[in-house]
Amino acid sequence: MWRLWLMALGLGFLLVSCRKNVDEPQPPADDFAGFVKPANFPAPVYKLENNQVTKAGFELGRALFYDPALSRNNTISCGSCHIQGSAFTQHGHDVSHGIDDRLGTRNSPAIMNLAWMPSFFWDGGVFDLDLQPVVPITNHVEMDETVENVIRKLQGMPKYRDLFKKAYNSEEITTARLMKALSQFMIMCVSANSKYDKVKRNEAGETFTPEEQAGYALFKQMCADCHTEPLFTDNSFRNNGIGIGFNNDEGRAMITFKPDDKYRFKVPSLRNLKYTAPYMHDGRILNLNGVLNHYAAGVKQTPNLDPLLQKNGGLGLPLTETGKQQIIAFLNTLNDTDFINNRLLAEQ
Amino acid sequence: MAGMILTSCSKNDKIEPVNTEVKAPIILEFDNIAGDNNLQLNAGTYINALGEQFTVNTLKYFVSNIKLTNTNGTQYIVPQDSSYFLVDESLPESTDIRLNVPEGDYKTVEFVLGVDSLRSTMDLSKRTGVLDVASGHDGMYWSWASGYIFFKMEGTSPAAPVDGTGQRKFRYHIGGFGSAGSPINNVKIIKIDLQAGGLAKVRKGRESQVHLMADVMKVFNGAPNVSIAANSNVMSGLFSQTVSSNYSNMFTHNHTHN
């Protein structure tokens, strides 16, 4: 009897699958969900209405992201300096090195939760993610190419004629199409699955340990004004007192020409710190102990030092040894292994 | 010859009545000059008010957001999407801006020298043609501090200090639309009165040509005078405001052919 039932089921299945092939469009090959806002995140600032993420657009963007054709001598891809296993930074390098091993002047920032970021680079010189890739592509020490020539190269590659056609229903490669595909890939680099996120979303009974909880309390008291939850940055530009760097990088003032902006840099997110060392705009601090020690005892009085770091007549933050370790324990709950292992974001 | 004179006389004397429902061509000609001389790239030598000799190798600027006002006071705004032009002295065809506007007798021409802040922050798909950030050949976009270079003039001058390449060059790259609270806004609105030099009588079957002069000497000569020796490289910094204030006076109307 149950064999008959199975046969009927099989027949039913066959029938369904026949009907599917004949009458219905093919189901998607996988369950690509597009851009999904995590429940504990605010609304994104990236204008998704001008660039809806599609599977084909994302896949085109991913292919471009990992393609060295974007560089002058076809040796450097975006992925060369933004490595997934390092939360899309160039782990272990103080300043990033690009084409012909030329050195940059700043530490490559993480490509992570960019849809919530109103400006890009340590100085915020670019305010639209779609314009961001022009900088590394044309920078002499990064990819040293022109966008015009990248388009010419891509036009000569059958793979891209196919991928652009899938994404945009035509083979034509324009600046906007190229950049928007890269944006689709980049905004899909969402990190929101750390222990912290699970605790916040009450997932699977996840809770902080007492040490993490104590660190979280200290964090909210001393760090969260700038490293605002849940993205762990308020996207402002501040001088955190690390002292003027080796090349007198003036940071935000190089964009605004305002004396008040000298030595201010973008407040970085604190997510995935385990993978993104070294720290600060020029990668001068090697580990989290060093960072906490800086805020406890290393803050230097330089022009435009942030007022939050010079309260009560002293410099820095009143951190005890125990307090530092508790904060580090909390910061470690912001590491997201799902993000760095997400196959969807990897070179295929 | 006689025929030509007759034709040109009849053109001026018997101008047809205006039908504002009909569009007709008008050309804005940007004739780049240097004081009393026609500008000759890489060849002509000129002397500014401070006595500094100079030669111009590159001259490019954006003309956008063109508006024309007729003698009735009615303003015609060229549709924004088709109102961006790059005048490049090295490309003769780029110095004539061809438009189709309603028939009328136009008394003023207004335009933005540069690219307005709205377009400078617009979606990339709305920035094509001369505004395409990929068009590396024109070098009129700053990538690291997102924005267009509105006005670019480069050249050589014995007054300029020797640069890293061993040359005595001056480079003026002026832009900045006041983004990110920057005090630098070099977007300039230029208004030119055509009444003294001749109204633009735009009619179907004719081609009104408004001959404008753009005098690069005005980049240096103004209040204050700009010295090549003291400022051989002016990019997006604070001094760019002095240069843009000077060059906002470079445009004059010479005459109109109707």
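In every chain, residue numbers begin from 1 and rise along the written sequence. Working convention: letters from A go to chains and numbers from 1 go to ligands, in the order in which they are written. At least 70 in pLDDT is required for a residue's local features to be given in this predicted model, at least 80 for side-chain atom pairs to be given and counted, and no such filter applies to totals for whole chains, interfaces and linings, which use all residues. With hydrogens and water set aside, each side-chain value is computed from the structure's full complement of heavy atoms.

A. Looking closely at the overall build of chain B. The way it works is that DSSP assigns letters per residue, a run of H or I at least four long becomes a helix, a run of E at least two long becomes a strand, and they are numbered from the N terminus. In terms of regular secondary structure, chain B is built from four helices and 16 strands. Restricting the calculation to C-alpha atoms gives the radius of gyration, and the globule rule supplies 2.2 Å times the number of residues raised to the power 0.38. Taken over the C-alpha trace, chain B has a radius of gyration of 20 Å; the compact-globule value for 258 residues is 18 Å, and the two agree within 12%. The dimensions of chain B, computed from C-alpha atoms along their principal axes, are 60 × 45 × 30 Å. The buried share among the 258 residues of chain B stands at 52%. Here the open area of atoms and residues is found with the Shrake-Rupley method and a 1.4 Å probe, where only the protein chains shown may cover a residue. In the structure as shown, chain B presents an accessible area of about 11,200 Å², 51% of it carried by carbon and sulfur atoms. This count recognises Lys and Arg as positive and Asp and Glu as negative, with His and chain-terminal groups excluded. Where a charge sits is defined by one atom per residue type, namely NZ (Lys), CZ (Arg), CG (Asp) or CD (Glu). Positive and negative side-chain charges of chain B, numbering 21 and 24 respectively, have mean locations separated by a distance of 3 Å. Burial classes follow relative accessibility: with a 1.4 Å probe on protein chains only, a residue under 20% of its type's maximum area counts as buried, one over 50% as exposed, and anything between as partly exposed.

B. Examining helix H12 (residues 288–298) of chain A more closely. Residue and element names in this part refer to chain A. Of all the residues in H12, the buried ones are Leu288, Val291, Leu292, His294 and Tyr295. Angular distribution of buried residues about the axis of H12 spans 145°; they occupy a single face of the element. It only takes one pair of heavy atoms within 4.5 Å for two residues to be counted as in contact. Residues of H12 that are buried make contact with helix H11 (273–276) and helix H13 (321–331). Picture the helix axis, draw a direction to every C-beta atom, and the arc is the one those directions span.

C. Structural detail: the packing of aromatic side chains. Aromatic contacts are taken between Phe, Tyr and Trp rings whose centres are within 6.5 Å, Trp giving its six-membered ring; a plane angle under 30 degrees counts as stacked, one over 60 as edge-to-face, and the others as tilted. Evaluation of the coordinates by the stated rule reveals 37 aromatic pairs over all chains. Where Phe88 of chain A meets Phe185 of chain A, the ring centres are 6.3 Å apart and the plane angle is 85°; that geometry is what we call edge-to-face. Taken as a pair, Phe88 of chain A in the loop between helix H3 (78–81) and helix H4 (134–138) and Phe185 of chain A in helix H7 (residues 175–187) lie far apart in primary sequence, 97 residues in all. The two residues Phe88 of chain A and Phe185 of chain A agree in class, both being buried. Here the aromatic rings of Phe111 of chain B and Phe251 of chain B are separated by 5.3 Å at their centres, their planes lie at 90°, and the arrangement is edge-to-face. Here the residue Phe111 of chain B occupies a position in strand E8 (residues 104–113), and Phe251 of chain B occupies one in strand E16 (residues 251–257), the gap between them amounting to 140 residues. Residue classification places Phe111 of chain B among the buried positions, given a relative accessible area of 1%. The structure contains a cluster of three or more aromatic residues connected by ring pairs, namely Phe32, Phe58, Phe65, Tyr66, Phe88, Phe185 and Phe339 of chain A. By definition here, charges over rings are those cases where NZ of Lys or CZ of Arg is within 6 Å of the ring centre and within 35 degrees of the ring normal. In this structure, Lys220 of chain A is placed above the aromatic ring of Tyr216 of chain A, and the distance from its NZ or CZ to the ring centre is 4.1 Å. In this structure, Arg252 of chain A is placed above the aromatic ring of Phe237 of chain A, and the distance from its NZ or CZ to the ring centre is 4.1 Å.

D. Broad picture of the pattern of salt bridges. Residues and elements named next belong to chain A. Salt bridge, as applied in this entry: a Lys or Arg side-chain nitrogen positioned within 4 Å of an Asp or Glu carboxyl oxygen. Counted according to the given criterion, the structure contains 26 salt bridges over all chains. With a shortest N-O distance of 2.8 Å, Asp197 and Arg271 are connected by a salt bridge. Placement of Asp197 in helix H8 (residues 195–200) and of Arg271 in the loop between strand E2 (265–266) and H11 is noted, with a sequence separation of 74 residues between them. Judged by its relative accessible area of 0%, Asp197 falls in the buried class. Taken together, the shared-partner salt bridges connect Lys55, Glu59 and Arg62 into one network.

E. Spatial organisation of the interface of chain A and chain B. Counting from both sides, the interface comprises 22 residues of chain A and, opposite them, 27 residues of chain B. As a working definition, buried area equals the accessible area (1.4 Å probe) given up by two parts on being put together, with both sides summed. Approximately 1,900 Å² of surface area, both sides summed, lies buried where chain A meets chain B, with 62% of it carried by carbon and sulfur atoms. Considering only the side of chain A, the residues that lose the most area to chain B are Phe127, Leu131 and Phe257 of chain A, jointly responsible for 31% of the buried surface there. Connecting chain A to chain B are one salt bridge. Polar contact is defined as a pair of N or O atoms within 3.5 Å, subject to the rule that within protein one atom must be able to donate a hydrogen and the other to accept it, and that residues adjacent in sequence are counted only when both atoms are side-chain atoms. Across the contact surface, chain A and chain B share six residue pairs in polar contact (both at pLDDT 80 or more). Those elements giving two or more residues to the side of chain A that touches chain B turn out to be H4, helix H5 (147–155), H7 and helix H10 (253–256) of chain A. Considering each element in turn, the side of chain A that touches chain B owes the most residues, four residues, to H7 of chain A. Asp, Glu, Lys and Arg are counted as charged, while Ala, Val, Leu, Ile, Met, Phe, Trp, Tyr, Cys and Pro are counted as nonpolar; the rest, among them Gly, fall into the polar class. Residue classes in the side of chain A that touches chain B are distributed as eleven nonpolar, five polar and six charged.

F. Inspection of the UniProt feature "binding site: heme c 1" (unreviewed entry) in chain A at higher detail. Residues and elements named next belong to chain A. UniProt positions are given in the numbering used here, feature names are shortened, and annotations may be inferred rather than shown by experiment. According to UniProt, the "binding site: heme c 1" (unreviewed entry) feature falls on Cys78, Cys81 and His82. Within the annotated group just given, the residues that line the second largest cavity are Cys81. Within the element layout of this structure, Cys78 appears in helix H3. For Cys78, a relative accessible area of 15% puts it in the buried group. Setting aside residues up to four positions removed in sequence, Cys78 forms contacts with Phe65, Leu70 and Met143. Summarising the element assignment, Cys81 is placed in helix H3. Leave out the neighbours within four places in its chain, and Cys81 touches Thr89, Gln90, His97 and Ser108. Think of a 1 Å grid over just the protein atoms. A cavity is a set of points where a 1.4 Å probe fits yet cannot get out, a pocket is an open set with protein on both sides within 12 Å along at least five of seven lines, and lining residues have an atom within 4 Å of a point.

G. Region of the structure containing the nonpolar core. Nonpolar core, defined: a set of buried Ala, Val, Leu, Ile, Met, Phe, Trp, Tyr and Cys residues in which side-chain atoms within 4.5 Å join the residues together. The biggest cluster of nonpolar side chains holds 125 residues, and the ones touching the most others in it are Phe30, Tyr61, Phe111, Tyr172 and Phe251 of chain B. The next biggest cluster of nonpolar side chains, apart from the first, holds 31 residues, and it includes Leu218, Ala224, Tyr295 and Val299 of chain A.

H. Here's a closer look at unusual backbone geometry. All names here are of chain A. Here the residue pair Ala277 and Pro278 is connected by a cis peptide bond, since its omega of 0° sits within 30 degrees of zero. In this model, Asn113 sits at a positive phi of 55°, which is unusual for a non-glycine residue. Assignment of secondary structure puts Asn113 in the loop between H3 and H4. Taking relative accessible area as the criterion, Asn113 reaches 5% and is therefore assigned buried. Its identity as a non-glycine residue notwithstanding, Phe121 has a phi of 75°, on the positive side. Here Phe121 shows up in the loop between H3 and H4.

I. View of the domain arrangement of chain A. All names here are of chain A. A domain assignment, automatic or from a database, supplies the domain bounds used here. What the domain assignment lists for chain A is domain 1 (48–190) and domain 2 (195–338). The C-alpha-based centres of domain 1 and domain 2 are spaced at 27 Å. Across the boundary between the two partners, domain 1 contributes 24 residues, which contact 24 residues of domain 2. Buried surface at the junction of domain 1 and domain 2, summed over both partners, amounts to about 1,900 Å²; 57% is from carbon and sulfur atoms. Considering only the surface of domain 1 that becomes buried against domain 2, Met112, Trp122 and Asp123 emerge as the three largest contributors, covering 31% of it. Seen at the junction of domain 1 and domain 2, the total is one salt bridge. Taking the shortest distance from any N to any O, the salt bridge between Asp249 and Arg106 comes out at 2.7 Å. Our count for the contact surface shared by domain 1 and domain 2 stands at six residue pairs in polar contact (both at pLDDT 80 or more).

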